[in-house]
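Listed below, chain by chain, are the residues.
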Amino acid sequence: MLPRIGRATAPSGAYGRGLHGPHRTEHVISLIRHTSRPPAGPTTEHRPPPPTSTPRRWTPWVPGLSALLVGAWGIRRQDTLWGDEAVTSAVAHRTVPQIWHTLGHIDVVHGLYYLLMHGVFALWDGGLVALRLPSVLAVAAAAVGIARLGERLATTRAGLLAGLVFPLLPPVQRYAQEGRSYALVCALVTWASCLLVGALSRPRPRGWVAYGAVMLTACLLHELAVLILLAHGVTAFRVRSAAPVRRAWSITAGGVTAGLLPLAAFSTTQSAQVDWIGPPDAGAVLGFVVTALLGIAFARLPRLSPDARPPGAPVPLPELALPLLILPTALLMLTSPLHALYVDRYVLASAVAFALLTGAMLDRLGRWAGAGCTVRRVTCAVALAAVLAVLVPMSIALRRPESRQNDVVAIARTVRETAGPGDALLFTPNRRRVWTLARPDDFRALPDLALARTPVESATLFGRELPPATIRERMLAEERLVVVGDPAGRPLDPDAREAVKRATLDEFFEQCTDRTVTEARIRVFARPGHC
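Residues numbered from 1 in each chain as written. Predicted model: local features only at pLDDT ≥ 70, side-chain atom pairs only at ≥ 80, totals over all residues. Heavy atoms only, no water.

Whenever I open this one, the pattern of salt bridges confuses me. Can you help?
A side chain of one charge can pair with a side chain of the opposite charge when the charged atoms of the two come close. What the rule picks out here adds up to 21 salt bridges. Close ionic contact of Asp 79 with Arg 76 constitutes a salt bridge, the shortest N to O distance being 2.7 Å. In this structure, Asp 363 and Arg 367 form a salt bridge, with 3.4 Å as the shortest nitrogen-oxygen distance. Here Asp 363 pairs with Arg 367, and both are found in helix H17 (residues 350-370), just 4 residues apart, close to one helical turn. Assessed through its relative accessible area of 3%, Asp 363 is described here as buried. Residue Arg 367 is classed as partly exposed on the basis of its relative accessible area of 32%. Here the salt bridges share partners, and the residues they tie into one network are Arg 433, Asp 448, Glu 465, Glu 498 and Lys 501. (Salt bridge = Lys/Arg side-chain N within 4 Å of Asp/Glu carboxyl O. Helix = DSSP H or I, 4+ residues; strand = E, 2+ residues; numbered from the N terminus. Buried < 20%, exposed > 50% of the residue type's maximum accessible area, 1.4 Å probe, protein only.)

This is how it looks when you write it as structure tokens:
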């Protein structure tokens with residue numbers, strides 16, 4: 001039968017003269033395979049070609065190792081300690097019942113983090129390294145997740161570059177070396193994004209449950225991570241033919257919100273502790289606008305269109321990254337007139353999106369330079385050298401003691417050097433007593449005139465103070481006072497105890513010395529003639 005088919009379909013004389021034996025049979029089989037394919041038409045699904053880069057299992061671990069090295073570099077910061085880190089160390093070293101009691105008065109939004117760090121110190125009480133190591137590991141885990149996200153939504157090289165860029169970003173370098181929850185939240189948001197992409201690609205109940213669990217953990221570590229949930233919702237609702245996906249995401253988001261609601265409701269009773277946050281200044285707004293415009297430019301130039309995504313990617317990379325980059329920060333800034341809550345570290349997860357967009361842009365730029373002339377390659381090399389020339393000095397500066405707003409170690413040292421024999425100590429406002437948590441031994445030689453119960457005894461961060469009249473009596477019994485408080489120009493606390501402290505100092509004492517160390521103002525007051 002094969003020769004008959006060949007004579008019916010081949011050009012005239014092909015099988016009679018030019019093809020014999022096995023060559024004739026191979027040509028006929030090839031012709032049968034060709035004619036058996038369905039004709040191209042409007043119902044045929046067009047799939048983009050597979051990505052040119054081949055995924056390798058070790059690729060995501062390279063950014064993780066790089067992040068570990070960057071985070072470990074100068075992790076002790078010359079033995080300096082930021083004020084909030086001192087709070088973490090002090091609270092995490094309390095017993096679990098003491099921590100629980102403390103959360104009833106203050107800092108309930110950080111409760112899960114304090115319990116986590118309590119477990120870390122129980123395993124290894126390694127001082128500053130133990131305090132900051134979880135943040136370093138979290139940034140490394142986030143870098144691995146970013147590499148996987150970039151590989152899934154763009155190319156392997158884009159993911160690798162994004163993962164390498166992430167730990168070099170200045171905000172990430174800063175919070176990778178701080179004993180606070182922000183780096184951990186960033187890592188959880190990264191892996192929640194990975195789970196979201198997986199759930200959008202293969203919608204299954206267990207995928208959505210895993211996504212919801214990781215996202216809820218991030219929100220319990222810091223409740224403003226719920227803004228990331230809204231950014232993910234924008235991505236989920238932009239998936240084509242996504243009615244089941246939208247329903248699944250809505251149910252999952254509802255579960256996360258319900259799980260967060262008790263914490264959010266109770267934290268409103270402690271809202272006074274964020275009264276220090278003011279509206280974003282012009283520099284913060286300008287920085288956000290520039291970052292957002294850069295992200296949009298990286299997504300569009302060259303354009304990462306839906307046709308450019310690899311097979312199996314449910315959304316283009318910009319549709320995941322841009323909402324994550326823009327929405328949380330924009331919402332916090334826009335709601336500032338109602339209740340100011342914008343602080344850059346609260347939206348650190350936006351750095352994940354910026355790294356993804358930068359990695360994809362660098363991948364396209366590398367292809368552009370590789371396919372062009374020497375001028376293109378030189379231009380890219382010069383641009384890369386310029387970026388590194390900016391990053392290196394910033395990285396060094398972030399590891400210096402003066403890089404943090406209040407170094408409680410320097411404050412304690414200055415108080416010890418300033419105080420003389422017989423001097424007494426006064427904190428105004430009383431919340432600055434939190435600076436004693438890091439180095440309590442440096443303050444024990446000075447009687448704290450206003451203190452009734454210590455922070456540990458009262459399950460607070462600042463302790464409990466005596467009544468105003470008693471504070472006044474104790475101040476008048478002293479000749480010299482070391483007064484620790486805010487820098488000049490800060491708003492005055494209207495509390496009755498603080499008013500009595502200020503009035504007594506003005507009426508019965510004169511100022512002898514005035515020093516400002518980071519964000520602490522340390523003054524010596526004495527009775528007239530005793531300076």
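Would you mind showing me how to read helix H6 (residues 96-103) here?
Think of an α-helix as turning once every 3.6 residues; residues three or four places apart then point the same way. Taken residue by residue, H6 has Ile 99, Thr 102 and Leu 103 as its buried positions. For H6, the buried positions fall inside an angular range of 100 degrees around the axis, keeping them on one side. The outward face of H6, more than 90 degrees from its buried face, is lined by the exposed residues Pro 97 and Trp 100. For H6, the elements touching its buried residues are helix H5 (83-92), helix H7 (111-123) and helix H14 (243-267). (Arc of directions from axis to C-beta. Contact = heavy atoms within 4.5 Å.)

When you look at the nonpolar core in this model, what are you seeing that I'm missing?
Nonpolar side chains in soluble globular proteins generally cluster together in the buried interior. If you look at the biggest cluster of nonpolar residues, it comprises 125 residues, and the most contacted ones within it are Phe 166, Trp 208 and Met 215. Per-element tally for this core: the top contributor is helix H11 (residues 182-201), with 13 residues. Leaving out residues up to four positions away in the same chain, Met 215 has contacts with Val 189, Ala 192, Ala 225, Ile 228, Leu 229, His 232 and Val 256. Judged by nonpolar contacts, the second largest core, of 12 residues, contains Leu 426, Leu 466, Leu 481 and Val 483. (Core = buried A, V, L, I, M, F, W, Y, C linked by side-chain atoms within 4.5 Å.)

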